[in-house]
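# Inside the fold
Here are the chains, one letter per residue:
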Amino acid sequence: MKKFIGCLLIIVLLLSLTACSNQKPAEQSKQEEPKVAEKIVLRIGMTAEADSHYGKGLLQFKEKLEKYSENKVAVKIFPSSQLGNERDLIEGVGAGTIEMCISSTGPLPNFSSNFMLFDLPFIVTDRQKAYQVMDGSVGQEILATLEPKGIKALGFWENGFRNITNNKAPIVHPADVKGMKIRTMENPVHIETFKLLGAYPTPMAWGEVFTSLQQGTIDGQENPLVILDTAKVYEVQKHVSLTGHFYSPSVIMINKKLLDGFPKDIQEAVFKAEKEAREWERNYSSELDKSLVKALTEKGMVVTEVDKMEWQQAVSPVYDKYLGKINPEYIKALTGK
Ligand code: EAX
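Notes on the structure follow.

Reading guide: rules and limits
Residues numbered from 1 in each chain as written. Predicted model: local features only at pLDDT ≥ 70, side-chain atom pairs only at ≥ 80, totals over all residues. Heavy atoms only, no water. Helix = DSSP H or I, 4+ residues; strand = E, 2+ residues; numbered from the N terminus. Buried < 20%, exposed > 50% of the residue type's maximum accessible area, 1.4 Å probe, protein only. Contact = heavy atoms within 4.5 Å. Pairing = 2+ DSSP bridges. Axes fitted to C-alpha atoms, helices over the stretch in contact; angles between N-to-C directions. Near = heavy atom within 4 Å. Polar contact = N/O pair within 3.5 Å; in protein donor to acceptor, adjacent residues only side chain to side chain. Areas by Shrake-Rupley, 256 points an atom, 1.4 Å probe, with all protein chains shown as cover.

Scanning the protein chain for helices and strands turns up 13 helices and 11 strands. Scored against the burial criterion, the 337 residues of the protein chain give a buried share of 49%. Look at the contacts in the protein chain between residues 6 or more apart in sequence, and 76% of them connect residues 24 or more apart.

What follows is the structure, given as structure tokens:
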């Protein structure tokens, strides 16, 4: 019996020893692993100001993404062209020198001509309809055309309906812009539209516009009311006419390779945060248009109402030149025609 118990003890001892030696390497390799994965830092550049609709929308994106990723991602927002103008930002995101940006669609036809759909004057009259098309298959198809440039475009946000400002006199009729030097975005359809009206369109990056207006090298420019307010355009421009001639969406983008390399849960967090922030930003932007007429008047601007039908007729020949260059299915989705 004693012998038997002795043998049993030895077996138990041996078994526990092998168990120990089995555990050891596992424990060792655990210790060698890096303790916490490095935090992902996403810098987002934009030309608009921190307190603009983009800026406030990006704050939503930041808060949500940091939360959904359980703080594995940190978002850093760079407003006021700090990381460059819109063309530089888009190029930078494609090349991977900047992780993310938000840009108006203005310069995007230089990267993919499909974006010209939104540039035709008065093509968007109802923003809800525009949101539907942008979030639907047409919009997603257009966004995907940036992928060969190394860019994953996450969604369309809103810049807004653009209105003409100038320092000379109230612009009421299309003929009033004749001979005026008007800054436009670097966009072929926009340039053509102002040429047609007899103005001298001056394409220029946003970061140079304030000084150019101040020094009088240009007479006017065009932008949504929120930009006039947040970039303090009212300090250098007296008149704004509510032409709403172009609808200006914006696109939030991320370097594609970077996104593709993220673990699934981080990718999901990016998509979820973007979608929610997009909805927030659009709501905020559309609400703003109502209150800003009063705010800008109080800041010294003279706000002029115009007959939009008259403007629409005056710029309609632009369609003859560009309709053939835009997918007719896209036009149909947006206008029903
Ligand atoms: O993206 O360049 C422009 O006029 C844009 O509307 C502005 O920077 C916001």
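Still more to cover.
Moving on: the sheet that holds strand β4 (residues 151-161). If you trace the five strands from one edge of the open sheet to the other, you get β2-β1-β3-β10-β4, paired in mixed fashion. Across the chains shown, the open sheet's two edge strands, defined by having one partner strand only, are β2 (73-78) and β4. The sheet shows a mean angle of 20° between the axes of neighbouring strands, direction not considered. With six bridges joining them, strand β1 (residues 40-45) and β2 adopt parallel strand pairing.

As a further point, take the site of the ligand. The ligand sits among T47, Y54, E86, S104, N159, R162, R183, M185, W206, N223 and I227. At 3.1 Å, a side-chain N or O of Y54 approaches an oxygen atom of the ligand. N159 is positioned with one of its side-chain polar atoms (N or O) 2.9 Å from an oxygen atom of the ligand. Here the ligand loses 99% of its free accessible area of 270 Å² to cover by the protein chains.

Everything listed here is a matter of coordinates, which is why it stays silent on function.
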